[in-house]
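A closer look at the structure
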Amino acid sequence: MNYEKIFLDEIERCKKLAGGDEGVLTKIESKREHSLRVVAMGKKILTGKEEAWDRETALACLLLHDIGRFEQSLKNSLSDKQTGINHARLGADILEKMGLPEIVIEAVEQHNNPHYTGKNIYAHLVREADQLVIMSEWKSQIAWRKDGPISDYARENWEKGEVIDWRNCNDLLKDWVLMVWSWVRKFRYQETKNLFGEMGMEEKFRAVLGEEVI
Ligand SMILES: [Fe+2]
Ligand SMILES: [Fe+2]
């Protein structure tokens with residue numbers, strides 16, 4: 001199956017439906033670029049020997065993980081909450097209709113599930129590559145988030161050593177930073193941990209959170 005064609009065709013389909021709306025087209029383009037960054041990051045994680053990776057399956061999952069974002073963009077928002085669209089579920093539905101392998105569909109569906117503990121190594125791969133890329137998109141990610149104190153939900157989960165679930169957070173900057181930092185606790189692959197270390201993120205996290213979090 002030609003995964004690249006599926007990716008490009010879906011982008012073309014949604015661009016046509018955008019009818020020249022610049023806001024929508026910009027969102028589609030940003031997610032196209034994001035997907036390619038996740039492929040590049042995933043390739044680095046794949047150099048680790050912790051799993052017997054099937055490279056073609058891995059690249060398909062990485063490239064297609066946000067395929068639901070293109071149709072979501074037509075609502076002129078990339079927020080699952082605002083659009084009422086679970087982009088991971090939508091992506092899985094699109095790929096299911098196309099007859100993609102179950103392992104790919106599952107990796108796409110689970111890629112943003114903070115509680116995923118299943119056996120699908122590609123779901124873990126995509127999650128970790130996506131998380132590192134989201135961290136690397138730091139500037140655009142923090143730009144629009146609101147000031148305010150850390151919520152009780154985020155603080156309690158942080159202190160318990162849990163991963164903070166984005167579905168329980170609002171648009172507060174500090175909650176988001178704490179959530180992103182909490183992902184590190186569940187990194188499964190050594191290569192992900194190495195890449196995270198090289199990114200120098202902890203300094204940025206601390207700069208936002210100040211003295212509130214040790
Ligand atoms: Fe996503
Ligand atoms: Fe993503």
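Residues numbered from 1 in each chain as written. Chains lettered and ligands numbered in written order. Predicted model: local features only at pLDDT ≥ 70, side-chain atom pairs only at ≥ 80, totals over all residues.

The contact between helix α1 (residues 3–18) and helix α2 (residues 22–45) brings their axes to 9 Å, and the two run at 165°. Compared by their axis directions, α1 and α2 come out roughly antiparallel. The way α1 lies across α2 gives a crossing that is right-handed. Between α1 and α2, the contacting residues are Ile-11, Cys-14, Lys-15 and Ala-18 on the first element and Val-24, Leu-25, Ile-28 and Arg-32 on the second. Classifying every residue of the contact of α1 with α2 by side-chain character gives six nonpolar, no polar and two charged. (Axes fitted to C-alpha atoms, helices over the stretch in contact; angles between N-to-C directions. Helix = DSSP H or I, 4+ residues; strand = E, 2+ residues; numbered from the N terminus. Parallel < 35°, antiparallel > 145°, perpendicular 65-115°, else oblique. Left-handed = near helix turned anticlockwise from the far one by under 90°. Contact = placed C-beta atoms within 7 Å. Nonpolar A, V, L, I, M, F, W, Y, C, P; charged D, E, K, R; others polar.)

Right, let's talk about unusual backbone geometry for a bit. Despite not being glycine, Asn-76 has its phi angle at roughly 60°, a positive value. Tracing the sequence through the fold places Asn-76 in the loop between α4 (68–73) and α5 (80–83).

Turning next to the environment of Ala-58. Mapped onto the fold, Ala-58 is located in helix α3 (residues 55–64). A count of 23 C-beta atoms within 10 Å places Ala-58 in the buried class. Taking the C-alpha atoms as reference points, Ala-58 and Ala-123, 65 residues apart in sequence, are found 9.2 Å from one another. (Buried ≥ 20, exposed ≤ 12 C-beta atoms within 10 Å, placed from the backbone.)

Once that is clear, we can look at the nonpolar core. Cys-61, Leu-64 and Val-108 are the most contacted members of the largest nonpolar core, which totals 41 residues. For this core, the element with the most residues is helix α8 (residues 121–136), which contributes eight residues. There are two domains that each give this core at least three residues, and those are domain 1 (1–119) and domain 2 (137–214). In this structure Cys-61 touches Val-104, Ala-107, Val-108, Tyr-122, Leu-125 and Val-126, once residues within four positions along its chain are discounted. (Core = buried A, V, L, I, M, F, W, Y, C linked by C-beta atoms within 7 Å. Domains from an automatic or database assignment.)

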